[in-house]
Amino acid sequence: MTTKPARPVATARPAPAPKVVEKDASMLKQKAMMAAHYDRLSDAPETGAKVCSTFVPGNLNELVMCFDLLNNLPEVNAIQSGLRRQSGSYVLEAEKIGHSEDVCTYVKSDLGMMAKGNIGPNGRRLPDPDVLLLSYTGCFTFMKWFELLREQYKCPTIMLHTPYMGDGKITPNMIQYMVKQLKEEVIPALERVSGVKFDIDRLREYLKKSAEAEDDLVWVLQSARKRPSPIDAYFGGIYYIGPIFGAFRGTDDAIDYYRFLREEIADRLAKGEGPVTPDGDMGSERYRLVVEGPPNYTNFRQFWKMFYDEGAVVVASSYTKVGGTYDLGFRHDPAKPLETLAEYCLGVYTNRSLPMRVEMLSKYVEEYEADGLLINSIKSCNSFSAGQLLIMREVERRTGKPAAFIETDLVDPRYFSAANVKNRLDSYFQMIEQKRGGARPVKEAAA
Amino acid sequence: MSTGSNGKANGHPSAAQIVERAQALYEDLSFTSARRWKSADESRKVVGYMPIYVPREIVHAAGALPLGILGGGDQMEVIHGDAYYQSYICRIPRSTIELGVTGRLDFVDGMLFPSICDVIRNLSGMWKLMFPQVYVRYFDVPQNYADEIGGNYYANELSELREDLGRLAGREITDDDLRRSITIYNENRRLVRELYRLRAECPWNAPAPEVYLVLRAGLVLPVEEHSAMLRDYIAAARAEERPIRDNCRVVVTGVFCEQPPLNLIKSLELAGCYVVDDDLMLVTRWLTEDVPTDGDPLQNLAAAFLHHSENTAAKYEPDQGKKGKYLVEAVRRSGAEGVIFASPSFCDPALLERPMLQHVLKDAGIPYIAFKYAENSGQMQPIREQAGTFSDSIKLWSGA
């Protein structure tokens, strides 16, 4: 009997030690909150809790909580799938069952996830929704998305239509329309689904809590006006908005989280520290950018690294306003509970006209003393992307600061080309240097 | 404008003459006829609109010409427009921008951008930035169909539009002005429906490319003139005796915004498919019943929109049981044997809607095929082959 020679040991290289990703305390707290919420969702069949699926822009979490419903956000599920590198197969699955390669990958990731057993980021099955609250705000795709989900889940679906701010203003007609929908259709339907009677004082209480957390979030976002900025308002900002854009707005947990975050940032500010990145402190701040558009999630860290390796910090971003434009002054107001929900939906970033977006981004460039505007154009998202090339030119013209354009996708890994993005970013940083009046130092340029 | 009657002995133009005129209007990307209409009286205004629907009655009541803008088609080279859009955005906004920046729309005083998708929505803001001298309105419509909720909202929106257009035209738009315009558009819609019935009855006498051109003329001509054209064409087509081909009968859907090239429509018929219904230029028949001419005209337009209007992907269907049934009804009504999903590339409404409609057709046992196009698609052979195979399969294997 002959024995098979052993594989030469010399060829086997020791596996590198897993890299420790640094997270600050607020990120860990946020992560724990999100994980707990996913567990609540997964536990719903056992606990008997009913689930309401809805969207981030136009998220009516305070109202949802009035009916003891758990808030499930398919966009956030798609993001989680992207971060975990699962969305690619979900998108392919959806295309296999007939969805066009041209349409939104959030939708396809969600439908593909459903087709593959609806396993959430906690590794457990997400429950079927008891109701779909189609808060139709700032994105046409939302309407079709929930029609597609309704076809699958066959559950009650409630439409709340938010008119678009095409003329740059909220009119009394818009508010009346939305309040009527809330009073006469949305609330009665939620009562029917949940079996819970609507209590407007309960709503007021939640709204009061929302406003408290919103104050702290705005303080955190506006801390980026300082030099160096203690936060990254895009990559880091995505962590910061998680609770308030999701299932936590209106809760004590959100108040605690944003107070904790504010204290943490205040401490960094006092010490003159920059943002925390997955590789630790960012180091010296060389470029201050305003970013328009959502990020890529499939290569999130790689994408972020391209910025912090160059000392580029995002001081303001439009994406962190898709779930509310609190920094422009909006606060949920318990004194006018239904009107405030209407104003909230109307004011979210993607419901704002293109001239309003140009105005907002130009203001950011000036108020945050940014070096320029970077647009990350998302293949999937026409609501954001259509018109961005004009936005770029207009902001450049108004501010005199250089702007640049990169293209990726939300959760479809086929549309993230690291080399292309890196090349464009490098060119952009050089452009900023030239605009400042000096060539880039040789050492940096060669790096 | 005259219809230029120099045709048959009875004084009415022949179908070929009408189609020739309609084709000339279709090919004229300088909109000469609309320019001529405007220049006849210096007080006249022109208000452009994009798909899918605007209440043209209000524009008409202001004494203005509603002008349908459907992009640049396959005859216009897009040079500037491409600089405004990424490769993954459909083509109609880029060719519409091209029309704007090349001065082809420099006589247009106002532009209405209906609520159809995010691309057209955002184009309204781009137009505001790029053409600040033009009156621009994003024309929002309710997705709630209750009279007291969506109806009131919509009537107030119509009231704002009426005031805006009155200011633009320099005259007050009275209720009687509106009633007169509603009467005129009711007649136009009746004729369009009659044309569609005629085509469904004898598609060989009213071929799809001809119907398309005659319908499309209504987007640039004054409505009164277009109604005359429709009457003439319907009479002429009825009198035709064209050979009947061994074609199958299909409904074409998904073509409600960016236009398919005329060659694509021709190719379908050449490949063996009579088009007996479609969702092209829905603005011409959006309201499916006459709008009452007594009472409050804006309330009447609102009620018609809520309760008697076409279904399409841009509208929310509150009742899952009714989802997509309109397409099955279109198939039954027109005696079609199958459905062709023709969708513009990157068209969110058409492409997101498509799987749901396909499920409904599958349940109803109606065969279908699907392909994508762009307004400037040039290569028709693959589409012809696909449509030809579809036609053959229906003729050979259909249970009918």
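Residues numbered from 1 in each chain as written. Chains lettered and ligands numbered in written order. Predicted model: local features only at pLDDT ≥ 70, side-chain atom pairs only at ≥ 80, totals over all residues. Heavy atoms only, no water.

Draft legend 1. Spatial organisation of the overall build of chain A. Counting secondary structure elements, chain A contains 17 helices and ten strands. In terms of principal-axis extent, the alpha carbons of chain A reach across some 80 × 65 × 45 Å. Residues counted as buried form 63% of the 447 residues belonging to chain A. Expressed as a percentage of contacts within chain A between residues at least 6 apart in sequence, the contacts between residues at least 24 apart total 78%. As displayed, chain A offers around 16900 Å² of accessible surface, 52% of which is attributable to carbon and sulfur atoms. For chain A, the centre of its 58 positive side-chain charges and the centre of its 59 negative side-chain charges are spaced 4 Å apart. (Helix = DSSP H or I, 4+ residues; strand = E, 2+ residues; numbered from the N terminus. Buried < 20%, exposed > 50% of the residue type's maximum accessible area, 1.4 Å probe, protein only. Contact = heavy atoms within 4.5 Å. Areas by Shrake-Rupley, 256 points an atom, 1.4 Å probe, with all protein chains shown as cover. Lys, Arg positive; Asp, Glu negative; His and termini not counted. Charge placed at Lys NZ, Arg CZ, Asp CG, Glu CD.)

Draft legend 2. Here's a closer look at the overall build of chain B. The secondary structure content of chain B amounts to 14 helices and eight strands. In summary, chain B has a C-alpha radius of gyration of 20 Å against a globular reference of 21 Å for 400 residues, a match within 12%. With the C-alpha coordinates aligned to their principal axes, the bounding extent of chain B is approximately 60 × 55 × 50 Å. Nonlocal contacts in chain B, meaning residues at least 24 apart in sequence, comprise 73% of its contacts between residues at least 6 apart. For chain B, the computed accessible surface area is about 14400 Å², with 48% contributed by carbon and sulfur atoms. Taken as two groups, the 43 positive and 54 negative side-chain charges of chain B have centres that lie 2 Å from each other. (Rg over C-alpha atoms; globule rule 2.2 N^0.38 Å.)

Draft legend 3. Up close: the nonpolar core. Leu63(A), Tyr106(A), Phe307(A) and Trp127(B) are the most contacted members of the largest nonpolar core, which has 284 residues in total. When residues of this core are assigned to their parent elements, the largest contribution, ten residues, is made by helix α7 (residues 172-194) of chain A. In terms of domain composition, this core takes at least three residues from each of domain 1 (31-173) and domain 2 (245-397) of chain B. Not counting residues within four places of it along the chain, the set of residues in contact with Phe307(A) comprises Phe235(A), Leu289(A), Ala312(A), Val314(A), Leu374(A) and Leu425(A). Grouped together as the second largest cluster of nonpolar side chains are 15 residues, Val328(B), Ala336(B), Leu357(B) and Ile366(B) included. (Core = buried A, V, L, I, M, F, W, Y, C linked by side-chain atoms within 4.5 Å. Domains from an automatic or database assignment.)

Draft legend 4. Representation of the sheet that holds strand β3 (residues 131-136) of chain A. Residue and element names in this part refer to chain A. Here four strands make up an open sheet; going across it, the order is β2-β1-β3-β4 and the pairing parallel. Strand pairing shows two members of the sheet lacking a second neighbour, β2 (69-72) and β4 (157-161), which therefore form its edges. Pairs of neighbouring strands in the sheet enclose a mean axial angle of 25°, with direction left out of account. Examined bridge by bridge, β3 and β4 share five bridges and lie parallel to one another. Each bridged residue has a counterpart across the sheet, and for Tyr-136 the counterpart in β4 is His-161. (Pairing = 2+ DSSP bridges. Axes fitted to C-alpha atoms, helices over the stretch in contact; angles between N-to-C directions.)

Draft legend 5. Quick peek at the packing of α7(A) against helix α12 (residues 337-347) of chain A. Residues and elements named next belong to chain A. Contact pair α7 / α12: the axes reach a minimum separation of 9 Å and the direction vectors enclose 115°. The handedness of the crossing between α7 and α12 is right-handed. For the pair α7 and α12, contact is made by Met-174, Ile-175, Met-178, Val-179, Leu-182, Lys-183 and Ile-187 and by Leu-338, Glu-339, Leu-341, Ala-342, Glu-343, Cys-345 and Leu-346, respectively. Here the contact of α7 with α12 is composed, by residue class, of eleven nonpolar, no polar and three charged. (Left-handed = near helix turned anticlockwise from the far one by under 90°. Nonpolar A, V, L, I, M, F, W, Y, C, P; charged D, E, K, R; others polar.)

Draft legend 6. Main features of helix α15 (residues 388-399) of chain A. The terminal C-alpha atoms of α15(A) lie 16 Å apart, and with twelve residues this matches the ideal 16 Å at 1.5 Å per residue to within 8%. Taken together, the buried positions of α15(A) are Gln388(A), Leu389(A), Leu390(A), Ile391(A), Met392(A), Glu394(A), Val395(A) and Thr399(A). Where α15(A) is buried, its residues contact β7 (287-292), α13 (354-367), β9 (372-378), α14 (382-385) and β10 (403-408) of chain A together with α5 (118-130) of chain B. Taken from the residues just after α15(A), Gly400(A) is the one with a positive phi, measuring 75°. (Expected span 1.5 Å × (residues − 1).)

Draft legend 7. Region of the structure containing the interface of chain B and chain A. Contacts between the two partners involve 55 residues from chain B and, on the opposite side, 55 residues from chain A. Taken together, both faces of the contact between chain B and chain A bury some 4800 Å²; the carbon and sulfur share is 55%. Three residues, Tyr88(B), Tyr316(B) and Leu352(B), lead the burial of chain B against chain A; their summed loss comes to 15% of the area buried on that side. Applying the counting rule to chain B against chain A returns six salt bridges. Elements represented by at least two residues in the side of chain B that touches chain A include exactly α5, β4 (135-139), α6 (147-169) and α13 (348-364) of chain B. Tallied by class, residues from the side of chain B that touches chain A come to 28 nonpolar, eleven polar and 16 charged. (Buried area = accessible area lost by both parts, 1.4 Å probe. Salt bridge = Lys/Arg side-chain N within 4 Å of Asp/Glu carboxyl O.)

Draft legend 8. Inspection of the sheet that holds strand β1 (residues 46-49) of chain B at higher detail. Residues and elements named next belong to chain B. Pairing in this open sheet of four strands is parallel, and the strands run β2-β1-β3-β4 from one edge to the other. The strands lining the two open edges of the sheet, one partner per strand, are β2 (65-68) and β4. The average angle at which neighbouring strand axes cross in this sheet is 25°, direction not considered. Sheet analysis places β1 next to β2, joined by four bridges and oriented parallel. When the bridges of β2 are listed, Val-46 appears paired with Leu-65.

Draft legend 9. Looking closely at the environment of Met356(A). Residue and element names in this part refer to chain A. Here Met-356 shows up in helix α13. Exposure remark for Met-356: the relative accessible area of 17% places this residue in the buried category. Along the sequence, Met-356 and Cys-66 sit 290 residues apart, while their C-alpha atoms lie 33 Å from each other. In this structure Met-356 touches Met-165 and Gly-168, once residues within four positions along its chain are discounted.

Draft legend 10. A look at the confidence of the model for chain B. Residues and elements named next belong to chain B. Looking at chain B, the pLDDT average stands at 96 and 97% of residues meet or exceed 70. A low-confidence stretch, residues 1-7 stays under pLDDT 50, and its non-local contacts, those more than four residues away or across chains, total 16 contacts. Scoring of the predicted complex yields 0.94 for pTM and 0.95 for ipTM. (pLDDT = per-residue confidence, 0-100.)

Draft legend 11. A look at the side chain of Glu394(A). Its location among the elements puts Glu394(A) in helix α15. When its relative accessible area of 11% is taken as the criterion, Glu394(A) is described as buried. Beyond its immediate stretch of four places on either side in the chain, Glu394(A) contacts Val358(A) and Leu129(B).

Draft legend 12. Quick peek at helix α3 (residues 74-83) of chain A. All names here are of chain A. Across the ten residues that make up α3, a large majority, nine, are buried. Buried within α3 we find Pro-74, Glu-75, Val-76, Asn-77, Ala-78, Ile-79, Gln-80, Ser-81 and Gly-82. On its buried face, α3 sits against α1 (25-47), β1 (50-53), β2, α4 (87-96), α5 (105-115) and α6 (140-153).

Draft legend 13. Examining a negative patch on the surface more closely. The grouping of Glu184(A), Glu185(A), Asp147(B) and Glu148(B) at the surface amounts to a negative patch. Secondary-structure elements contributing two or more residues to the negative patch are α7 of chain A together with α6 of chain B. (Patch = residues over 30% accessible without salt bridge, like charges linked within 9 Å, V, L, I, M, F, W, Y side chains within 5 Å.)

Draft legend 14. View of the confidence of the model for chain A. Residue and element names in this part refer to chain A. Summarising the model, chain A shows a mean pLDDT of 93, and 93% of its residues fall at 70 or more. A low-confidence stretch, residues 1-12 (pLDDT under 50), is modelled with zero contacts involving residues beyond four sequence positions or located in other chains. Ignoring residues within four places in sequence, the model shows residues 441-447, a span with pLDDT below 50, making four contacts including any to other chains.

Draft legend 15. Highlighting the pairing of β1(B). All names here are of chain B. Burial along β1 is two-sided: the residues Val-46 and Gly-48 and Val-47 and Tyr-49 are all buried. In this fold, the crossover linking β1 to β2 by way of helix α3 (residues 56-61) has right-handed handedness. Of the strand pairs in this sheet, β1 and strand β3 (residues 110-114) are connected by three bridges, and their pairing is parallel. Counted as the bridge partner of Val-47 is Gly-110 from β3. (Right-handed = clockwise from strand over helix to strand, strands pointing away.)

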